[in-house]
Amino acid sequence: MALLPAFFHLHVLEECGSTNDVAKQMAAEGAPEGTLIWAKRQTAGRGRRGRAWSSEPGNLACSLILRPGLPPGQAALTSFVAAIAVGEAVSALVPGKVTLKWPNDVLVDGAKISGILLESEAGRAGSVDWLVLGVGINVRHAPEEALYPATALLTAGADVTVEQVLTAYATSFQSWYHRFLSQGFAPVRAAWLNAAQGLGGVVTVRLHDETFTGRLIDMDDDGVLLVDVGGTVRRVTAGDVFFPSGRS
């Protein structure tokens, strides 16, 4: 069984459609912060922009209820906290290079190993009522057909259990989440930039209505990606990032 810090209240499901949907229902019913839904099999997982997320048995699919008491813009930065936590957990398990791709993908040697989906409900006083933080990590299996090249911990050299991965992620997340709440986004941003894939190099950004190429130069205090395109800095608030080698 996963050995989690006291912050977490673990609920284990043999199977569900989406752990995020289960967590959202529980959050709306008043479940406390730290409630963590872990499904051993997820049949209708999804990622950003409604994309399907493969959740084979043997991989990790979990969703965490948070109540940070922050305005929506600041609360949304929690996705970067999760990316750092997943990155730390994966780094401790595999020999390969672990990097982060904006906004919240975790890569091992350039291939995606994790997906993060943040959903929230607005409160009445200008802050979110709750956040649901969904995290999927490829432990034993990776999808063969995906938008980006994908890998799994087993493929990357880590023969570990889902329980071990969940424990490593949860422990790191608790530390970073409390640092975020007490110190703000600055240490999170610094850690993210330190692990950023392709920083200073050429990237292609695909938006819903255009695609452009430039040099990845920074991420600002709002989590916005900054790309230099011929001397003009473009601010990217939503989109997909690709690297010239075809690895993403």
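Residues numbered from 1 in each chain as written. Predicted model: local features only at pLDDT ≥ 70, side-chain atom pairs only at ≥ 80, totals over all residues. Heavy atoms only, no water.

A closer look at the packing of aromatic side chains
In this structure the tally under the stated criterion is six aromatic pairs. With a centroid separation of 5.4 Å and 15 degrees between ring planes, the pair formed by Phe 173 and Tyr 177 is classed as stacked. Taken together, the residues span about one helical turn, with Phe 173 and Tyr 177 both in helix H4 (residues 162–183) at a distance of four residues. When its relative accessible area of 0% is taken as the criterion, Phe 173 is described as buried. In textbook terms, an aromatic cluster arises when at least three aromatic residues are bridged by ring pairs, as seen for Phe 7, Phe 8, Tyr 169, Phe 173 and Tyr 177. (Phe/Tyr/Trp six-rings, centres within 6.5 Å; stacked < 30°, edge-to-face > 60°. Helix = DSSP H or I, 4+ residues; strand = E, 2+ residues; numbered from the N terminus. Buried < 20%, exposed > 50% of the residue type's maximum accessible area, 1.4 Å probe, protein only.)

Side note on the sheet that holds strand E10 (residues 225–229)
Where strands meet in a sheet, backbone hydrogen bonds hold them as pairs that are either parallel or antiparallel. In space, the five strands of this open sheet follow the order E11-E10-E9-E8-E12, with antiparallel pairing throughout. In this open sheet, the two edge strands, each paired with only one partner strand, are strand E11 (232–236) and strand E12 (240–242). The mean angle between the axes of side-by-side strands here comes to 45 degrees, regardless of whether they run parallel or antiparallel. Pairing of strand E8 (residues 202–206) with strand E9 (residues 211–219), which is carried by five bridges, proceeds in the antiparallel orientation. Residue pairing for E9: Val 202 is matched across the bridge by Arg 215. (Pairing = 2+ DSSP bridges. Axes fitted to C-alpha atoms, helices over the stretch in contact; angles between N-to-C directions.)

Here we look at the sheet that holds strand E4 (residues 98–101)
Pairing in this open sheet of seven strands is mixed, and the strands run E1-E2-E3-E7-E6-E5-E4 from one edge to the other. Of all strands in the sheet, those bounded by a partner on one side alone are strand E1 (9–13) and E4. Averaged over all adjacent pairs, the angle separating strand axes in this sheet is 20 degrees, with direction ignored. Where strand E3 (residues 60–66) lies against strand E7 (residues 128–137), seven bridges are found, and the strand directions are antiparallel. Among the inter-strand pairings, Leu 64 is bridged to a residue of E7, identified as Leu 133. Contacts from helix H3 (residues 78–91) reach E3, E4, strand E5 (105–108), strand E6 (111–122) and E7 within the one sheet, and its direction differs from that of E6 by about 150 degrees. Seen against the sheet, H4 touches E1, strand E2 (35–39), E3 and E7 and runs at an angle of roughly 30 degrees to E3. (Contact = heavy atoms within 4.5 Å.)

Describing the pairing of E4
Side chains Val 98 and Leu 100 project from E4 onto one buried face, and the interleaved Thr 99 and Lys 101 project onto a second face that is buried too. Bridge analysis of E4 against E5 gives four bridges, and the strand direction is antiparallel. Within the sheet, the bridge partner assigned to Thr 99 lies in E5 and is Leu 107. Taken together, E4 and the strand that follows it, E5, pair antiparallel across an intervening segment of three residues.

Focus on unusual backbone geometry
Look at the link from Trp 102 to Pro 103: it is a cis peptide, with omega at 0 degrees. Of note in this structure, Asp 109 is not a glycine but carries a positive phi near 50 degrees. Tracing the sequence through the fold places Asp 109 in the loop between E5 and E6.

Treat this as a map of the structure, not an account of what it does.
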